[in-house]
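# Analysis of the macromolecular model
The lines below spell out each chain.
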Amino acid sequence: MQAFTQLTAIAAPLDLANVDTDQIMPARFMRRPRDERYATYGFHDQRFTPEGAKRPDFILNQPPFDQAGILVAGRNFGVGSSREAAVYALLAMGYRCVVAASFGDIFFSNALKNGLLPVRLPESTVNGLRAAIAAAPGTTLSVDLRTQILTAPDGSTHEFVVPGFARDCLLRGLDEIGLTLTLEREITAFETRRAAG
């Protein structure tokens, strides 16, 4: 997993509430290998016509939002099924952070475990951020996980909270398996003692 410390990136406004994981990653792509095609699976049915052409009216297809690293979404983002592949698709599209007023609980957990930072802020703040970046395409946001501060285009700062264990793992770039492997020496010593016991 790629560590997350801080990020300054173009932000894209997605003015939709209750975006579920099937919208983010349609079920028919779930058995596909996790490869470069994952970038085309994210929001596939909103981004592409049935014939495969990009829909120019969908905000995430429009320059410079198509180059964004931060997604500013509506409330209740990532609800629905426990689809970890929704996080994979967002990462493949280039997002490292999603800002919203609220998230589906399982999506929030899956994001943290895979290197995608979910930032919860008050709904009025999120609405203001979306309006600001929609009015000035190419606007960047800055997110610092160490200080848990998001800096808006106007320079204002907004505190957010990430649970301590998940924050530490994300800062270090460790998923749960990687964290376990940091204790490999101790595990080996234990196994040796037990075998000799």
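Residues numbered from 1 in each chain as written. Predicted model: local features only at pLDDT ≥ 70, side-chain atom pairs only at ≥ 80, totals over all residues. Heavy atoms only, no water.

### Examining the pairing of strand β5 (residues 140–144)
Inspection of the sheet shows strand β1 (residues 6–14) paired to β5 by five bridges, in the antiparallel sense. Bridge pairing in β5 links Leu-7 to Val-143. Both β5 and strand β6 (residues 149–151) contribute to a ladder of three bridges, which runs antiparallel. Across the sheet, the residue bridging to Val-143 is Leu-150, located in β6. (Pairing = 2+ DSSP bridges. Helix = DSSP H or I, 4+ residues; strand = E, 2+ residues; numbered from the N terminus.)

### A few points about the pattern of salt bridges
Evaluated as defined, the whole model comprises seven salt bridges. Put simply, Arg-130 and Asp-15 hold a salt bridge, and the shortest N to O gap is 3.1 Å. Of the two residues, Arg-130 is situated in helix α6 (residues 123–135) and Asp-15 in the loop between β1 and α1 (21–24); the sequence distance between them amounts to 115 residues. Given the relative accessible area of 9%, Arg-130 is considered buried. Two residues, Arg-75 and Glu-123, come together in a salt bridge whose shortest N-O distance is 3.3 Å. Pair noted here: Arg-75 is in the loop between β2 (70–73) and α4 (84–92) and Glu-123 is in helix α6, with a separation of 48 residues, a long-range link. Taking relative accessible area as the criterion, Arg-75 reaches 42% and is therefore assigned partly exposed. You can call Glu-123 partly exposed: its relative accessible area is 35%. (Salt bridge = Lys/Arg side-chain N within 4 Å of Asp/Glu carboxyl O. Buried < 20%, exposed > 50% of the residue type's maximum accessible area, 1.4 Å probe, protein only.)

### Focus on the sheet that holds strand β3 (residues 97–100)
Strand pairing in a sheet relies on backbone hydrogen bonds, with the paired strands running either antiparallel or parallel. Here we have seven strands laid out as an open sheet, ordered β4-β3-β2-β1-β5-β6-β7, and mixed in their pairing. Strands with a single pairing partner mark the edges of an open sheet, and in this sheet they are β4 (117–120) and β7 (157–159). Neighbour-to-neighbour, the strand axes of this sheet turn through a mean angle of 30°, independent of strand direction. In this sheet, β2 lies alongside β1 in parallel orientation, the contact comprising four bridges. Looking across to β2, one finds that Ala-11 is bridged to Ile-70. (Axes fitted to C-alpha atoms, helices over the stretch in contact; angles between N-to-C directions.)

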